[in-house]
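Each chain, written out:
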Amino acid sequence: MRKVAADCEVLLVEIGGTVGDIESLPFLEAIRQMRQDLGRDNTSSSTSPSSHGSPPRRKLKTKPTQHSVKEMLSIGIQPDILLCRSDRAVPHEMRAKIALFCNVQERAVIAARDVASIYELP
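Conventions we followed
In this convention, every chain numbers its residues from 1, walking through the sequence in written order. Selection of residues for local features in this predicted model requires a pLDDT of at least 70, selection of side-chain atom pairs for listing and counting requires 80 or more, and totals for whole chains, interfaces and linings are taken over all residues. Only hydrogens and water are set aside; all other atoms, that is, all heavy atoms of the structure, feed into the side-chain values. In this description a helix means any DSSP run of H or I spanning at least four residues, a strand means any run of E spanning at least two, and both kinds are numbered starting from the N terminus. For this measure, only C-alpha atoms enter the radius of gyration; the expected value for a globule follows 2.2 Å times N^0.38, where N is the number of residues. Note on classification: 1.4 Å probe, protein chains only; a residue is buried when its accessible area is under 20% of the maximum for its type, exposed when over 50%, partly exposed between these limits. Two residues form a contact once any of their heavy atoms are found within 4.5 Å. Surface accessibility in these figures is a Shrake-Rupley result with a 1.4 Å probe; residues are shielded only by whichever protein chains are displayed. Positive charges come from Lys and Arg, negative ones from Asp and Glu, while His and the chain ends are left out of the count. A charged residue contributes its charge at one atom only: NZ of Lys, CZ of Arg, CG of Asp or CD of Glu. A strand pair is defined by DSSP finding two or more bridges across the two strands. The term nonpolar core refers to a set of buried residues drawn from Ala, Val, Leu, Ile, Met, Phe, Trp, Tyr and Cys, joined through side-chain atoms within 4.5 Å. Within the patch definition used here, like charges are joined within 9 Å and nonpolar side chains (Val, Leu, Ile, Met, Phe, Trp, Tyr) within 5 Å, considering only residues with over 30% relative accessible area and no salt bridge. Within this document, salt bridges are pairs made up of a side-chain nitrogen of Lys or Arg and a carboxyl oxygen of Asp or Glu, the two lying within 4 Å of each other. Points on a 1 Å grid, built from protein atoms alone, make a cavity when a 1.4 Å probe fits but cannot get out and make a pocket when they are open with protein on both sides within 12 Å along at least 5 of 7 lines; residues with an atom within 4 Å of a point are the lining residues. Grid points are joined across faces, edges and corners, and a volume is the space filled by probe spheres set on the points. Residue polarity is assigned by list, with Asp, Glu, Lys and Arg as charged and Ala, Val, Leu, Ile, Met, Phe, Trp, Tyr, Cys and Pro as nonpolar; anything else, Gly included, falls into the polar class.

Chemist: Just give me the short version of the overall build of the chain, but keep the residues and values in it.
Modeler: Along the chain, the regular secondary structure elements total four helices and three strands. Helices (α) and strands (β) of the chain occur, in sequence order from the N terminus, as α-α-β-α-β-α-β. Here the chain has a C-alpha radius of gyration of 15 Å; the compact-globule value for 122 residues is 14 Å, and the two agree. Relative to its full complement of 122 residues, the chain shows a buried share of 27%. Sequence separation of at least 24 residues holds for 64% of the intrachain contacts in the chain that already meet a minimum separation of 6. Just so you have it, the chain exposes about 8,700 Å², and 54% of that area is on carbon and sulfur atoms. If you average the places of the 17 positive and of the 15 negative side-chain charges in the chain, the two averages end up 9 Å apart.

Okay, structure coming up:
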């Protein structure tokens, strides 16, 4: 990461998978150490948990986000931004609750609507 970042103003690093899975732990540890080395002013962490409920009602849920943040905290990473994945708009009240229980600023809880293709994102 440092080698690639040497030629960049901003470097985005994605670690796929689920927080807490043993396969991702070495990568998450590298991110944790990088934040320690570079400081909070030079790094930012985010997570993109699902806010989907379980069928059949598919009611939006805050618990998956809270659980994901808890797992990140258990390995020493405090996310600054939460991108709550959902198939519909996430109400303000729900984003406020997530901010409160995940210890992030309310403006840092962002609804990330599902798209049919990754090419729709930009």
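Chemist: Kindly report on unusual backbone geometry, identifying the contributing residues and their values.
Modeler: Backbone geometry places Asn-103, a non-glycine residue, at a positive phi of 60°. Relative to the helices and strands, Asn-103 resides in the loop between helix 4 (92–102) and strand 3 (109–113).

Chemist: A description of the pairing of strand 2 (residues 81–86) should follow, citing residues and the corresponding values.
Modeler: Residue alternation in strand 2 divides its side chains into a buried set, Leu-82, Cys-84 and Ser-86, and an unburied set, Ile-81, Leu-83 and Arg-85. Direction of pairing for strand 1 (residues 46–47) relative to strand 2: parallel, over a ladder of two bridges. Pairing of Ser-46 across the sheet is with Ile-81, part of strand 2. Direction of pairing for strand 2 relative to strand 3: parallel, over a ladder of five bridges.

Chemist: An account of the nonpolar core is requested, with residue identities and associated values reported.
Modeler: Of all hydrophobic cores here, the largest spans eleven residues; its members are Leu-60, Val-69, Leu-82, Cys-84, Val-90, Met-94, Ile-98, Ala-99, Cys-102, Val-104 and Val-109. Those elements that provide at least two residues to this core are strand 2 and helix 4. Apart from residues no more than four positions distant in its own chain, Val-69 is found in contact with Thr-47, Pro-79, Leu-82 and Cys-102.

Chemist: Give me a nonpolar patch on the surface: which residues, what numbers.
Modeler: A surface patch of nonpolar side chains, amounting to about 310 Å² of accessible area, comprises Met-1, Val-4, Leu-11 and Val-13. In this fold, Leu-11 is placed in the loop between helix 1 (2–5) and helix 2 (25–38). The exposure class of Leu-11 is partly exposed, given its relative accessible area of 33%.

Chemist: Break down the layout of surface pockets for me, with residues and values.
Modeler: By volume, the largest pocket amounts to about 1,600 Å³. For the largest pocket, the lining is made up of 43 residues, of which Val-13, Glu-14, Ile-15, Ser-46 and Thr-47 are closest to its centre. Every element with two or more residues in the lining of the largest pocket is listed here: helix 2, strand 1, helix 3 (63–74), strand 2 and strand 3. For the lining of the largest pocket, the class distribution of residues is 23 nonpolar, 13 polar and seven charged.

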